Amino acid sequence: MPIHSDVKVRIQQRAGISLLVSCTKMFPCGFFWQLMGFAVSGGPSRLLEFSLATGAGDAFGVFIGNLFLSLLLRYRELSASKHPISDKWGKGGFGCAFFTPVLKECAVLAAGAFCSGSIWQPMLQAVSATVKSFTLGALCVGLACGTAFFAGITIAEYIMQGKASSKIEVIRNVTLSIVVWGGAAFFVGTDVAYKGNWLAPIVGERGGETKGYESVKAGWSTALGYLVFQLLLMLLVPMGLLWTETPHSWESEQHTQGRSGQYETDEDGMLANYVSAEPGTTDKHTTTYVLMEDVGPDPSVRDSGIGIGSASVSVAESIYE
């Protein structure tokens, strides 16, 4: 009985988007954090001004990075579409229906990035003065930044949506905050003054290089930390619960294409089973989906199998009987 959510499938479905995120979001957040830090006269000695400026740089990097990635994924989706080219660049392509939710998502992520970026320097100074172990100190700084990020996006989502996030959204936000933890932790490696810094040969800065080069090192450090923590989550987190598995990245058509069947939801409305049969056979096939949004007790089912009512779904596991 092959299980769809095995380790191999998790890596295959998550690797591509994870690498794209490291280049388009995690690198820019570290790069612009450091660039804005250089712009503050007096540097970290003017802690409040420095923290606000670097937080703004972090937020800017995440905002433009997420916007670029969304445009890239949308272009790829439209390029593969069979609709006439005239339809791709209108309302159904890059119109308000596309940009409104994307810009809201950018604003939410930027809010979290501002919170985490703003507290990084104060936390580094406090931890480096009290925690002698570099590894433990880096993890402490990262944990504080990841927690601040989670608080920032939770508040921003509530303001944007006018309601609290669903259970699945909270879980996905937690996984996102964990990779922010990793990026912020590895960012501590840029501080070559921290004794025992084993990351210094890889990402260490403040060695007299140009500001641009040191900003690149800063971006590299956050991207590297993200990739390490993201890899762990890719291996451990079940399908449908990782933050990268948005409705845009759901690719389950292959599991329902050519089959006829019906959906069954659980009592909490968080899982849905699509029970179907292979064409020309009596073999049953059950695909379990994790609902990305709450649905009512009697959701309507779209024929395409891409959603249940207004809910977006992601594959949790697929079982052949």
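Residues numbered from 1 in each chain as written. Predicted model: local features only at pLDDT ≥ 70, side-chain atom pairs only at ≥ 80, totals over all residues. Heavy atoms only, no water.

Looking now at the pattern of salt bridges. The tally for this structure, following the rule as stated, stands at 2 salt bridges. Note that E245 is salt-bridged to R14, the shortest N-O span being 2.5 Å. Remark: R14 occurs in helix α1 (residues 7-39) and E245 occurs in the loop between α9 (211-236) and α10 (253-256); sequence separation between them is 231 residues. For the residue pair E245 and R14, the accessibility class agrees, reading buried in each case. Taking the shortest distance from any N to any O, the salt bridge between R46 and E49 comes out at 2.5 Å. (Salt bridge = Lys/Arg side-chain N within 4 Å of Asp/Glu carboxyl O. Helix = DSSP H or I, 4+ residues; strand = E, 2+ residues; numbered from the N terminus. Buried < 20%, exposed > 50% of the residue type's maximum accessible area, 1.4 Å probe, protein only.)

Our next topic: the environment of F186. For F186, the location among the structural elements is in helix α7 (residues 167-187). Through-space distance from the C-alpha of F186 to that of S221 is 5.6 Å; in sequence the pair is 35 residues apart. Not counting chain neighbours up to four residues away, the residues in contact with F186 comprise L199, V203, S221, L224, G225, V228 and F229. (Contact = heavy atoms within 4.5 Å.)

Okay, α1 next. Its 33 residues give α1 an end-to-end C-alpha distance of 45 Å, which sits within 8% of 48 Å, the value for a rise of 1.5 Å per residue. Residue A15 marks the point of greatest curvature in α1, where the axis turns by about 40 degrees. (Expected span 1.5 Å × (residues − 1). Bend = angle between axes of the 7 residues up to and from the residue.)

So, on to the packing of aromatic side chains. Applying the stated rule across the entire model yields 12 aromatic pairs. Between F98 and F99, the aromatic rings sit 5.0 Å apart at their centres with planes inclined by 75 degrees, giving edge-to-face as the arrangement. Summarising the aromatic geometry, the rings of Y226 and W243 are spaced 6.3 Å apart at their centres and angled 70 degrees between planes, so their arrangement reads as edge-to-face. One end of the pair, Y226, is in helix α9; the other, W243, is in the loop between α9 and α10, with 17 residues separating them in the sequence. Take Y226: its relative accessible area is 0%, and that puts it in the buried class. When its relative accessible area of 9% is taken as the criterion, W243 is described as buried. Aromatic ring contacts, followed pair by pair, group F27, F31, F32 and F60 into a single cluster. (Phe/Tyr/Trp six-rings, centres within 6.5 Å; stacked < 30°, edge-to-face > 60°.)

In this section: the confidence of the model for the protein. Confidence in the prediction of the protein, expressed as mean pLDDT, is 77, and 69% of residues score 70 or more. The lowest-confidence element of the protein is strand β4 (residues 307-308), averaging 30 in pLDDT; the highest-confidence one is helix α6 (residues 134-161), averaging 96. Low confidence marks residues 1-5, where pLDDT is under 50. Its contacts with residues over four positions away, or in another chain, come to 18 contacts. Segment residues 247-263: pLDDT under 50, and 47 contacts once partners within four positions in sequence are set aside and those in other chains are kept. (pLDDT = per-residue confidence, 0-100.)

Attention now moves to α6. Taking 1.5 Å per residue as the helical rise, α6 with its 28 residues ought to reach 40 Å, and the 40 Å between its terminal C-alpha atoms agrees with that figure. Directly beyond the C-terminal end of α6, a positive phi value near 75 degrees is found at G162.

Now for the side chain of N173. Tracing the backbone shows N173 in helix α7. Looking at N173, its side chain comes within polar contact range of the side chain of E157, at 3.0 Å. Every residue in contact with N173, bar those within four places of it in the chain, is listed here: F150, I153, E157 and S165. (Polar contact = N/O pair within 3.5 Å; in protein donor to acceptor, adjacent residues only side chain to side chain.)

On the surface, V7, I11, L231, L232, L235 and L236 cluster together to form a nonpolar patch covering roughly 510 Å² of accessible area. Breaking the nonpolar patch down by element, the ones donating at least two residues are α1 and α9. Looking at the secondary structure, you find L236 in helix α9. The class of L236 is exposed, set by a relative accessible area of 66%. (Patch = residues over 30% accessible without salt bridge, like charges linked within 9 Å, V, L, I, M, F, W, Y side chains within 5 Å. Areas by Shrake-Rupley, 256 points an atom, 1.4 Å probe, with all protein chains shown as cover.)

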